[in-house]
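Fold and contact review
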Amino acid sequence: MSGLIKTFQEATDLQCGFLEKLLDLDMASVAAFSDSMADFLSPSPDNKFVYGLAAGRSALALYSFLQLIQNHFDNVFPFTLEDPVQRHYRKGKNLGIAISGSGETLAVNKYIGDIITLGGDIKLITANENGTAYKMVREYERGSVLVFKARTKESTDKDTRSRLSPMGTEFELEVLAFLNALFPDIQSRLKGICNSSCPEYRSTVQDFQDNARLIKDMDPDHLEQWFSRLLPRSGRYIIGGVGRSGLVARAFEMRFTHLNKISYWERDFNTPSFQIGDVYIPITGIGNTYEALEGTVSALSHGSDVMPITANPSSRQVMMLKKHGRERDIAVIPVKPEYRDLFSGDTSSTTWLMSDYTKLRYPIFEINASVFTNSVVAVGAEFLGIVEAGMRRMHV
């Protein structure tokens, strides 16, 4: 297993490099993106609608940003690709945000076309300047494009990238971190503090990177045990989480399909009940989330394993697993000392309703959980002997 620890550490290093690339973006373009978002979100008595146009893991990265918007602005309502644009469209109060690495996702391009037909504003983040989406938005007078040059030779060589970042984690991670880092800059602009060098954005990206680098130093002996429990099993993988952690969990669940494993998102309608041989993987920063605790109790009662990913070593969930002698099944993701108080204690909610604390919490755990789970997928691919070409055949 020692080789897998090296893979984990190298994959984590690579992803920290992806985050660092966000500091090399043209700050004038970042400032323009932030300015236009601040203009749209500025106080107004009118309801406003934001359409998230994306699919797969790109969608989950975008939905994290939409959730931030919904949590902070009472009269701004986000909709996703599943919602017909025409149903909610109100002239002058609409914004489409499209995310497409390739620019060739048919459903995304169809909805981009709808926004354009209706005369709405639209923003696109893509990695392909030759893609259809890029051309559609670039040629539209009310459209703007931001290009992330993901999967470039400057990042690393092709073979190493394929091994350490299989099935393209770069673009999705950069979108997730970019939008979450942009939010403090947008908030500053809404307060009248407008700086073309985007200091709030830059400091947040740096903070994300500093926190992510701590993952490389996780206890290798504990990680070896965790991998040895997680990967060599024939049972089903059931992944859970709520809120922004839930979006990370859904992206992680998709990756188990790429690894040729049977996996389910905990809250899907077709998710089966737990049974012996299954593993439940709740992703929860605080570790006291009502749904995660309920899922843990249910999984244990049915003889399933529980292998949580958390940032709180003193949570009620951790205490529950320690009581069952399953301490080695817990993965505690480290955060910088100044954030540890955010992830401590064993106070549990008794409702699924989100607290103000949870709604407005700094998203440091979600970024770290994304890096950690992406590195776990690289380890899984190596352990199972699955190359990227094989994963692509299982990709939808």
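Residues numbered from 1 in each chain as written. Predicted model: local features only at pLDDT ≥ 70, side-chain atom pairs only at ≥ 80, totals over all residues. Heavy atoms only, no water.

When you line up the elements, Thr-310 lands in strand E10 (residues 309-310). Leaving out residues up to four positions away in the same chain, Thr-310 has contacts with Thr-284, Gly-285, Ile-286, Gly-287, Val-318, Ile-330, Ala-331, Val-332, Ile-333 and Phe-365. (Helix = DSSP H or I, 4+ residues; strand = E, 2+ residues; numbered from the N terminus. Contact = heavy atoms within 4.5 Å.)

Time to look at helix H2 (residues 27-41). Taking 1.5 Å of rise per residue, the 15 residues of H2 would be expected to cover 21 Å, and the 21 Å separating its terminal C-alpha atoms lies within 8% of that figure. Turning to H2, its buried residues number three or more, namely Met-27, Val-30, Ala-31, Phe-33, Ser-34, Met-37, Ala-38, Phe-40 and Leu-41. (Expected span 1.5 Å × (residues − 1). Buried < 20%, exposed > 50% of the residue type's maximum accessible area, 1.4 Å probe, protein only.)

Mapped onto the elements of the fold, Asp-121 is located in strand E4 (residues 121-126). Given the relative accessible area of 29%, Asp-121 is considered partly exposed. Linking Asp-121 and Glu-141, residues 20 residues apart in sequence, is a C-alpha distance of 8.8 Å. Dropping the residues within four chain positions of it, Asp-121 is found in contact with Asn-94, Leu-95, Gly-96, Ile-115 and Arg-142. Of the polar contacts made by the side chain of Asp-121, one reaches the side chain of Arg-142; its length is 2.8 Å. (Polar contact = N/O pair within 3.5 Å; in protein donor to acceptor, adjacent residues only side chain to side chain.)

Attention now goes to the nonpolar core. As a rule of thumb, soluble globular proteins bury nonpolar side chains together. Counting 111 residues, the largest nonpolar core has Leu-53, Ile-125, Phe-178, Tyr-201 and Phe-372 as its most contacted members. With eleven residues, helix H8 (residues 170-190) is the single largest residue contributor to this core. Among residues more than four places away in sequence, those in contact with Ile-125 are Phe-33, Ala-98, Ile-99, Ser-100, Leu-146, Phe-148, Phe-171, Val-175, Phe-178 and Leu-179. Membership of the second largest hydrophobic core comes to twelve residues, among which are Phe-274, Leu-293, Ala-299 and Ile-330. (Core = buried A, V, L, I, M, F, W, Y, C linked by side-chain atoms within 4.5 Å.)

Turning to the confidence of the model for the chain, a few remarks are in order. In the predicted model, the chain carries a mean pLDDT of 87, and 86% of its residues have values of at least 70. Contacts of residues 152-156 to residues separated by more than four positions or lying in other chains number eight contacts, the stretch itself having pLDDT below 50. (pLDDT = per-residue confidence, 0-100.)

This part takes up the side chain of Glu-172. Note on placement: Glu-172 falls in helix H8. Nearest to the buried, unbridged Glu-172 among oppositely charged side chains is Arg-57, at 4.2 Å. Excluding residues within four positions of it along the chain, Glu-172 makes contact with Arg-57, Ser-58 and Ala-61. (Lys, Arg positive; Asp, Glu negative; His and termini not counted. Salt bridge = Lys/Arg side-chain N within 4 Å of Asp/Glu carboxyl O.)

Taken together, the five strands give an open sheet; going across it, the order is E2-E1-E3-E4-E5, and neighbouring strands pair in parallel fashion. The open sheet has two edge strands, strand E2 (76-79) and strand E5 (143-147), and neither has a second partner. This sheet shows a mean twist of 15 degrees between the axes of neighbouring strands, independent of strand direction. Of the strand pairs in this sheet, strand E1 (residues 48-53) and E2 are connected by four bridges, and their pairing is parallel. Residue pairing for E2: Val-50 is matched across the bridge by Pro-78. On top of the sheet, H8 reaches strand E3 (94-100), E4 and E5; it is set at about 130 degrees to E4, its chief contact. (Pairing = 2+ DSSP bridges. Axes fitted to C-alpha atoms, helices over the stretch in contact; angles between N-to-C directions.)

The next thing to look at is the packing of H8 against helix H15 (residues 364-384). Where H8 contacts H15, the two axes come as close as 10 Å, and the packing angle between them is 170 degrees. In this view, H8 runs roughly antiparallel relative to H15, as classed from their interaxial angle. For the pair H8 and H15, contact is made by Leu-173, Leu-176, Ala-177 and Asn-180 and by Glu-366, Ile-367, Ser-370, Val-371 and Asn-374, respectively. Looking at side-chain class alone, the contact of H8 with H15 contains five nonpolar, three polar and one charged residues. (Parallel < 35°, antiparallel > 145°, perpendicular 65-115°, else oblique. Nonpolar A, V, L, I, M, F, W, Y, C, P; charged D, E, K, R; others polar.)

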